[in-house]
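The chain contents come next:
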Amino acid sequence: MMANTREYLLVWDSTMANPNGDMLNENKPRHDEITGQLEVSDVRIKRFIRDEWQSTGHNVLVRTKKDDKGKVMSCTNLIKEVMKNADLKENDLPEYILKQYIDVRLFGAVITKPKYDITGPLQVMWSKSVNPAEIKYMQGNSAYAGGEDKSQSTIWSKYVTPYALFKTYAVYNDNVARKQGIEVSENDLSEFTTALINGLINYRSTSKNQMPRLLVEVIYKEHRIDGELNYVDVNFDTSEDEVRDISQTTLDLQKLNEYYKSKKEFIDKIVIYKHNTAKIVNLPEEFEVINF
């Protein structure tokens with residue numbers, strides 16, 4: 001049975017990290033030069049999700065894979081390998097990859113050869129930080145020397161931001177799925193929400209240090225889309241440019257509650273996934289709450 005349309009709003013933060021480096025700008029955190037807000041691409045968020053899917057045993061098509069010579073495979077060669085291993089003809093490819101790969105089923109794919117484009121019914125939008133965030137240039141000494149004959153350790157450098165709180169909007173459109181004959185199940189979308197939360201938690205590195213704090217999922221009875229679902233207000237206990245921790249924020253769901261009341265006849269339910277560190281006010285009893 002086809003899953004109903006739904007929308008998501010994820011509130012998450014990044015601490016002493018580079019949420020999404022811009023390779024064309026010294027790998028500095030992507031940011032809006034006018035407002036000072038940081039930016040994160042949809043590709044970065046979907047990478048967290050795909051990495052989590054792979055680590056939990058799901059088949060993922062869009063991934064980094066190396067050939068026998070250690071070189072990263074192109075999309076064309078990856079598809080050739082898929083077709084060879086599954087003994088597929090070109091006409092069989094679309095149905096096969098939609099069935100086998102959850103990322104294709106939800107996010108879509110652009111196949112160059114044979115030419116086949118799938119518009120994903122689940123779209124993740126670019127994210128912007130709620131607060132203007134400072135970008136710092138950091139340097140330090142590594143533990144190792146730069147070479148066998150060097151007496152000094154090498155110097156590392158990177159750009160980080162002390163703290164940024166983001167909102168990420170995503171939408172699953174059942175009409176898009178139907179038009180392309182894509183069967184998206186409730187289980188597929190359950191796997192999406194799980195990977196969205198756990199992907200951010202589990203993917204940690206010296207440049208990535210992020211944490212989901214709140215995920216809103218609005219499930220509709222019929223096809224209906226708000227278009228942004230920006231109904232969570234973030235209130236800071238200090239000035240926006242001085243905030244450094246989630247404990248200095250309060251997430252207010254009053255506008256979400258008003259949206260629910262005004263559209264109640266079209267909404268099946270609203271699910272709130274929340275981290276225990278998030279301070280939330282105006283959370284209605286009608287909402288289903290899941291702690292993570």
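Heads up: the structure comes first, above all this text.
Counting restarts for each chain: residues are numbered from 1 in the order of the written sequence. The predicted nature of this model means local features are confined to residues of pLDDT at least 70 and side-chain atom pairs, given and counted, to a pLDDT of 80 or more, with totals for whole chains, interfaces and linings taken over all residues. Side-chain measures were taken over the full set of non-hydrogen atoms in the model, leaving aside hydrogen atoms and water.

**Section: empty space enclosed by the protein**
So, step 1. Within this scheme a cavity is a closed region of a 1 Å grid, computed over the protein atoms alone, that accommodates a 1.4 Å probe without allowing it to escape, whereas a pocket is open but has protein on both sides within 12 Å along at least five of seven lines; lining residues each have an atom within 4 Å of a point. Grid points are joined across faces, edges and corners, and a volume is the space filled by probe spheres set on the points. Counted by the stated rule, this structure contains one cavity of 30 Å³ or more.
So, step 2. Its boundaries defined by the atoms lining it, the largest cavity holds a volume of some 40 Å³.
So, step 3. Lining the largest cavity, in full, are Tyr 8, Leu 10, Ile 45, Val 124, Thr 168, Tyr 169, Ala 170 and Leu 196.
So, step 4. Under the DSSP-based scheme used, a helix requires at least four consecutive residues in state H or I and a strand at least two consecutive residues in state E, with every element numbered from the N terminus. Those elements that provide at least two residues to the lining of the largest cavity are β1 (6–17) and β10 (153–172).
So, step 5. If one sorts the elements of the lining of the largest cavity by residue count, β10 sits on top with three residues.
So, step 6. Taken together, the residues of the lining of the largest cavity sort by class into seven nonpolar, one polar and no charged. The classification used treats Ala, Val, Leu, Ile, Met, Phe, Trp, Tyr, Cys and Pro as nonpolar, Asp, Glu, Lys and Arg as charged, and all other residues, Gly among them, as polar.

**Regarding the layout of surface pockets**
So, step 1. Of the pockets and cavities examined, the largest pocket occupies roughly 300 Å³.
So, step 2. Asn 20, Gly 21, Met 23, Asn 27 and Lys 208 are, among the 17 residues lining the largest pocket, the residues nearest its centre.
So, step 3. The element contributing the most residues to the lining of the largest pocket is helix α1 (residues 42–55), with three residues.
So, step 4. In terms of residue class, the lining of the largest pocket is made up of four nonpolar, seven polar and six charged.
So, step 5. Volume-wise, the second largest pocket comes out at about 170 Å³.
So, step 6. As for the second largest pocket, its lining consists of Leu 61, Val 62, Arg 63, Val 72, Met 73, Ser 74, Cys 75, Leu 78, Ile 79, Ala 109, Val 110 and Ile 111.
So, step 7. Those elements that provide at least two residues to the lining of the second largest pocket are α2 (75–86) and β5 (108–111).
So, step 8. Classifying every residue of the lining of the second largest pocket gives ten nonpolar, one polar and one charged.

**As for the environment of Val 160**
So, step 1. Of note, Val 160 is situated in strand β10.
So, step 2. Taking the C-alpha atoms as reference points, Val 160 and Ile 135, separated by 25 residues in sequence, lie 5.7 Å from one another.
So, step 3. Contacts were defined at the residue level, with two residues in contact if any of their heavy atoms lie within 4.5 Å. For Val 160, the residues in contact, after removing those within four places along its chain, are Met 16, Ala 17, Glu 134, Ile 135, Lys 136 and Met 138.

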